[in-house]
Amino acid sequence: MVSTHPAGVQNSGHQYLPQIVSNNQDVSPNQELLPLSAVVNSKDHLEIGGCDVKTLVEQFGSPLYILDEQTLRTTCSQYRESLRRYYQGESQVLYASKAWSCLAVCAIAASEGLGIDVVSGGELYTALNAGVSPDKIYFHGNNKSRAELHFAVESGCTIVVDNWYELHTLVEIVQALDNKSVQPRMMLRLTPGIECHTHEYIHTGHLDSKFGFDPNVLDELFAFVSKQSAVKCVGLHAHIGSQIFERQPHRDLAAVMVNWFTKAAGYGLSLTELNVGGGLGIKYTESDDPPTITEWVKAICEEVEQACRAENLPLPKLLCEPGRSLIATACVTAYTIGSSKVVPDIRTYLAVDGGMSDNPRPITYQSVYRAVVGNRMSQPLTETVTIAGKHCESGDVLIKHAHLPKTEPGDILVVMGTGAYNYSMASNYNRLPRPAGVIVADGEANLILQRETFQDLVRQDRLPERLKQG
Ligand code: LLP
């Protein structure tokens, strides 16, 4: 639900604030830089979910992941409702929890009616512990271990089988069970051979990909699966990449997948679920222009319906599994500004108290972020600085060219769009404890990730007796 900004705050005028009109349900969070509830309060501070970011940092420490519940619930409902509106058949949105897997986020997604896509035993464990029903959990991954497959079978989730080795292992595991009535639901992941424009590391649907069965083996695969009684094949899955701004690749994907359904029918397999993966992009900078959630969903629905009509197939249950576009914009990371260094005629570095350990995306993918100074929201942007992290690595730069007001040590730098693939890819590099995370709504902030301590850092260390000093 999108609400009006509370009275007494400036809700316009700042370049990055969402220009929300009362009751306008059409604001697509993936087209905004700041979370939907962001406002500037009378102290000239950024407020999210009714909480002043400077106060949050004083209360919960720095750096801090701040997750806006309103934005997250809005993206969930936009995906769910667009599917309901534009698709005649059954549908289900799955949250790709690799974007940010933790109990609170999984619980919110589930409370919005979403299922969860997991890719490891750890993510499965998290989703189950968050209370997500196993019949709404889909387990992906290109090299699930035997232990993970056992766990998946035991849990009752749907297993998205990626390759022959896994298919044979799964069948073997099920056949060895004492309980002969267990018949796990599975889907097959295929590589559609569709190119899309995104970073080389994050597109997965082209043929030279480590994921999924090659469509050249479809006949053999369908023939094999149609004879298996150990597992129940319910459908097909594909995912073509991430941070995609075009709609055509997903349209093409939908058409190709419907074609595979027809082929499967030729082998007596009546598949009922079609999962087009995730991939919709978000706005990280002013120049990013992704389609809205509704536009993306609508394009896929139209294509699936049209292709099914053309091939005379009943409409399958349509699934999609957004990660980034569901959660990225809902979160900002607040850092405290510390030291600075002027390199004459070249640049000024401003250092913050985190960096590549809490957000490895800039150093990994050269990702570009935008930031504001959370306690100087309306001050003129007179400085161009480079935001450096605190790690012992020259490449540990969060933002190369940040346009900011004049700052002082102790000011709060707020980096936007950090909800996806930040916490989930965070590390303890240089033995930095991972930050805390809070969820904010209606002026209340609740801890969802406790800040790691130095004790946490050595908790799994073991010091063999013979190495003990003194
Ligand atoms: N489904 C599957 C099978 C996936 O592999 C992915 C992402 C998704 C869904 C969700 O895609 P999304 O809606 O988030 O684009 N670490 C990279 C992104 C890797 C994406 C991996 N797969 C990054 O930080 O950009």
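Here the structure is a predicted model, which is why all the values come from computation and not from measurement. Starting afresh in each chain, residues are numbered from 1 along the sequence in its written order. With the structure being a predicted model, the display of local features is reserved for residues of pLDDT at least 70 and the display and counting of side-chain atom pairs for 80 or more, all residues being used for whole-chain, interface and lining totals. By convention in this description, side-chain values take in all heavy atoms of the structure and omit both hydrogens and water.

(A) Representation of the overall build of the protein within the structure. Segments assigned H or I by DSSP are reported as helices when at least four residues long, segments assigned E as strands when at least two residues long, and all are numbered from the N terminus. Secondary structure summary: the protein contains 12 helices and 20 strands in total. Dimensions of the protein, computed from C-alpha atoms along their principal axes, come out at roughly 70 × 65 × 40 Å. Across the protein, contacts joining residues at least 24 apart in sequence account for 70% of those joining residues at least 6 apart. Reported accessibility uses the Shrake-Rupley method at a 1.4 Å probe radius. Residues are deemed covered only where the shown protein chains occlude them. Accessible surface for the protein amounts to roughly 20100 Å². Of this, 49% is attributable to carbon and sulfur atoms. In this analysis, two residues are considered to be in contact whenever any of their non-hydrogen atoms come within 4.5 Å of each other.

(B) Structural context of the sheet that holds strand 2 (residues 46–48). Pairing between strands is defined by DSSP: at least two bridges between them are needed. The three strands lie next to each other as 1-2-3, forming an open sheet whose pairing is antiparallel. Only two strands of the sheet have a single partner each, and these edge strands are strand 1 (39–40) and strand 3 (51–52). Where strand 1 lies against strand 2, two bridges are found, and the strand directions are antiparallel. When the sheet's bridge partners are listed, Val40 is paired in strand 2 with Leu46.

(C) Looking closely at the domain arrangement of the protein. How far each domain reaches was decided by an automatic or database domain assignment. On domain assignment, one finds that the protein holds domain 1 (3–68 + 330–456) and domain 2 (140–322). Of note, the centres of domain 1 and domain 2, computed from C-alpha atoms alone, are 35 Å apart. Of the residues lining the interface, 15 residues belong to domain 1; the matching set on domain 2 comes to 14 residues. Summed over both partners, the accessible area (1.4 Å probe) lost when two parts come together is defined as the buried area. Together, the buried faces of domain 1 and domain 2 total about 1300 Å²; carbon and sulfur atoms form 53% of this surface. Interface area lost by domain 1 to domain 2 is led by Asn30, Gln31 and Tyr365, which between them contribute 42%. The working definition used for a salt bridge is a side-chain nitrogen of Lys or Arg within 4 Å of a carboxyl oxygen of Asp or Glu. The tally of links between domain 1 and domain 2 comes to one salt bridge. Glu286 is the salt-bridge partner of Arg370, the closest N and O atoms lying 2.8 Å from each other. Residues adjacent in sequence count toward polar contacts only when both atoms are side-chain atoms; beyond that, a polar contact is any pair of N or O atoms within 3.5 Å, and within protein one must be able to donate a hydrogen and the other to accept it. For the pair domain 1 and domain 2, the number of links is seven residue pairs in polar contact (both at pLDDT 80 or more). Per-class residue counts for the side of domain 1 that touches domain 2 are six nonpolar, six polar and three charged. Classification used: nonpolar for Ala, Val, Leu, Ile, Met, Phe, Trp, Tyr, Cys and Pro, charged for Asp, Glu, Lys and Arg, polar for all others including Gly.

(D) Layout of the packing of helix 7 (residues 218–226) against helix 8 (residues 248–265). For helices, the fitted axis covers only the stretch in contact; all axes are lines through C-alpha atoms, and the angles between them, taken along N-to-C directions, range from 0 to 180 degrees. Contact geometry of helix 7 with helix 8 gives a least axis separation of 10 Å together with a crossing angle of 50 degrees. Classified by the interaxial angle, the pair formed by helix 7 and helix 8 is oblique. The way helix 7 lies across helix 8 gives a crossing that is right-handed. Here Leu218, Asp219 and Phe222 of helix 7 lie close against helix 8, whose contacting residues are Trp260, Lys263 and Ala264. Across the contact of helix 7 with helix 8, the residue classes break down as four nonpolar, no polar and two charged. Roughly parallel refers to an angle under 35 degrees, roughly antiparallel to one over 145, roughly perpendicular to one between 65 and 115, and oblique to any angle outside these ranges. For any helix crossing, the convention is left-handed if the near helix is rotated counterclockwise from the far helix by under a right angle, and right-handed if that rotation is clockwise.

(E) Looking closely at the nonpolar core. Each nonpolar core is a collection of buried residues, namely Ala, Val, Leu, Ile, Met, Phe, Trp, Tyr and Cys, held together in the definition by side-chain atoms within 4.5 Å. Relative accessibility under 20% of the residue-type maximum defines a buried residue, over 50% an exposed one, and the middle range a partly exposed one, all with a 1.4 Å probe and only protein chains included. Grouped together as the largest cluster of nonpolar side chains are 102 residues, with contacts concentrated most on Leu67, Tyr95, Trp100, Leu188 and Ile387. Here this core gets eight residues from one element, more than from any other, and that element is helix 9 (residues 293–311). Looking at which domains feed residues into this core, each of domain 1 (3–68 + 330–456) and domain 2 (140–322) gives three or more. The next biggest cluster of nonpolar side chains, apart from the first, holds 25 residues, and it includes Leu34, Phe60, Val372 and Ile412.

(F) Expanded view of the pattern of salt bridges. A complete count under the given rule lists 23 salt bridges for this structure. Glu81 is paired through a salt bridge with Arg80; the nearest N and O atoms lie 2.9 Å apart. According to the relative accessible area criterion, Glu81 is partly exposed, its value standing at 34%. For Glu465, the salt bridge goes to Lys468, with nearest N and O atoms at 3.2 Å. According to the relative accessible area criterion, Glu465 is exposed, its value standing at 62%. Shared partners join several salt bridges into a network, and the residues in it are Glu69, Arg73, Arg80, Glu81, Arg84 and Glu112.

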